[in-house]
Amino acid sequence: MKTLDTAWSPDETESIARAFVILGRTAFWVQFVFLIVVGLLSVYMTSVTGWRAGAQNVLAFLTLALPAFTTWWCWRYAKLGRALTTASSAEPLTGLLRSAWIGVWSGTLGSALALLSLFGAASALLVVMLANPQVGIQVSPATGGATAYTISAIDAVSIMTLLLALTAELLVVAISLRLVFVMMKARRAEAA
């Protein structure tokens with residue numbers, strides 16, 4: 001029976017390396033494009049409103065630290081796959097599994113944070129829309145002691161940012177789980 005740190009056959013090594021390179025590159029470029037779009041949206045938000053955009057909108061852009069990490073982590077998947085093809089730097093199965101599980105957990109954490117922020121943004125929009133039950137989007141001026149209720153394009157930008165971040169994080173979870181599956185399948189095949 002093969003232990004976690006014994007050598008792989010050349011076919012197993014090639015299959016796992018190919019999976020790490022292809023899936024790592026795919027996830028990296030998809031996340032990189034999403035981060036560029038989110039960056040452009042945040043520049044637009046700050047140029048239109050400054051930092052008066054509200055706590056929930058600013059929080060949506062501050063949660064980009066984790067997607068930036070997972071983007072780098074996917075680049076690392078491709079790097080590990082390329083290194084796996086050279087016999088001198090081939091990493092044992094435990095190291096590759098650890099890397100894949102870090103991707104799973106960081107992507108899951110990013111998804112959970114994005115979902116919480118998305119629920120907050122959607123709830124704020126719902127409160128404003130329920131306070132103004134007219135058809136369409138109503139902008140209510142402040143009269144007397146009441147506060148003004150508005151729905152601006154920045155709110156939609158914030159929600160779009162969260163959706164893009166959520167999509168990118170779920171992609172990392174899916175690809176990381178696929179890498180774990182590929183490695184475990186190779187391990188089971190060798191054990192049989």
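Reading the values: the criteria
Residues numbered from 1 in each chain as written. Predicted model: local features only at pLDDT ≥ 70, side-chain atom pairs only at ≥ 80, totals over all residues. Heavy atoms only, no water. Helix = DSSP H or I, 4+ residues; strand = E, 2+ residues; numbered from the N terminus. Buried < 20%, exposed > 50% of the residue type's maximum accessible area, 1.4 Å probe, protein only. Contact = heavy atoms within 4.5 Å. Areas by Shrake-Rupley, 256 points an atom, 1.4 Å probe, with all protein chains shown as cover. Patch = residues over 30% accessible without salt bridge, like charges linked within 9 Å, V, L, I, M, F, W, Y side chains within 5 Å. Salt bridge = Lys/Arg side-chain N within 4 Å of Asp/Glu carboxyl O. pLDDT = per-residue confidence, 0-100. Phe/Tyr/Trp six-rings, centres within 6.5 Å; stacked < 30°, edge-to-face > 60°. Expected span 1.5 Å × (residues − 1). Core = buried A, V, L, I, M, F, W, Y, C linked by side-chain atoms within 4.5 Å. Lys, Arg positive; Asp, Glu negative; His and termini not counted.

### Topic: the overall build of the protein
The secondary structure content of the protein amounts to 5 helices and 0 strands. Counting helices and strands in the order they occur from the N terminus, the protein gives α-α-α-α-α. The buried share of the protein, taken over its 192 residues, is 41%. When contacts within the protein are restricted to residue pairs at least 6 apart in sequence, long-range pairs at least 24 apart make up 80% of them. Carbon and sulfur atoms make up 71% of the accessible area of the protein, which amounts to about 10600 Å² in all.

### A few points about a nonpolar patch on the surface
On the surface, Trp 29, Phe 32, Ile 36 and Leu 40 cluster together into a nonpolar patch covering about 420 Å² of accessible area. For Ile 36, the location among the structural elements is in helix α1 (residues 10-49).

### Regarding the pattern of salt bridges
Evaluated as defined, the whole model comprises 1 salt bridge. A salt bridge links Arg 18 to Glu 14; its shortest N-O distance comes to 3.4 Å. On the criterion of helical spacing, the pair formed by Arg 18 and Glu 14 is a turn pair, its members being 4 residues apart in helix α1. A residue is classified by how much of its surface remains accessible, and Glu 14, at 47% relative accessible area, is partly exposed.

### Concerning the confidence of the model for the protein
For the protein, per-residue confidence averages 75 on the pLDDT scale, and 68% of positions sit at 70 or higher. Mean pLDDT across the secondary structure elements of the protein bottoms out at helix α2 (residues 55-62), with 62, and peaks at helix α3 (residues 65-84), with 87.

### Some details on the packing of aromatic side chains
For any pair of aromatic rings, the description rests on two quantities: the centre-to-centre distance and the angle between the ring planes. Per the counting criterion, the structure on display carries 7 aromatic pairs. Centroid distance Phe 28 to Trp 29: 5.0 Å. Interplanar angle 80°. Geometry classified as edge-to-face. Given a relative accessible area of 17%, Phe 28 falls into the buried group. Members of the aromatic cluster, connected to one another through ring pairs, are Phe 28, Trp 29 and Phe 32.

### Considering α3
An ideal rise of 1.5 Å per residue puts 28 Å on 20 residues; α3 measures up with 28 Å between its terminal C-alpha atoms. All of the buried residues along α3 are Leu 66, Pro 67, Thr 70, Thr 71, Trp 73, Cys 74, Tyr 77, Ala 78, Leu 80, Gly 81 and Leu 84.

### Re the environment of Phe 69
Relative to the elements of secondary structure, Phe 69 occurs in helix α3. On the accessibility criterion, Phe 69 (29% relative accessible area) is partly exposed. Each C-alpha atom of the pair Phe 69 and Gly 110 lies 9.8 Å from the other, and the pair is 41 residues apart in sequence. With near-sequence residues (within four places) excluded, Phe 69 lies in contact with Ile 102 and Ser 106.

### Comments concerning the nonpolar core
Among the nonpolar cores identified, the biggest contains 23 residues, and Ile 16, Phe 20, Tyr 77, Leu 96, Leu 179 and Met 183 are the most heavily contacted of them. Of all the secondary structure elements, the ones that give two or more residues to this core are α1, α3, α4 (93-131) and α5 (153-191). Non-local contacts of Met 183, meaning those with residues more than four positions away in its chain, are made with Ile 16, Phe 20, Leu 93, Leu 96, Leu 97 and Ala 100.

### Some remarks on the side chain of Glu 169
Among the secondary structure elements, Glu 169 is positioned in helix α5. Buried and unpaired, Glu 169 has Arg 76 as its nearest opposite-charge partner, separated by 15 Å. Among residues more than four places away in sequence, those in contact with Glu 169 are Gln 31, Leu 66, Pro 67, Thr 70, Ser 106, Gly 107, Gly 110 and Ser 111.

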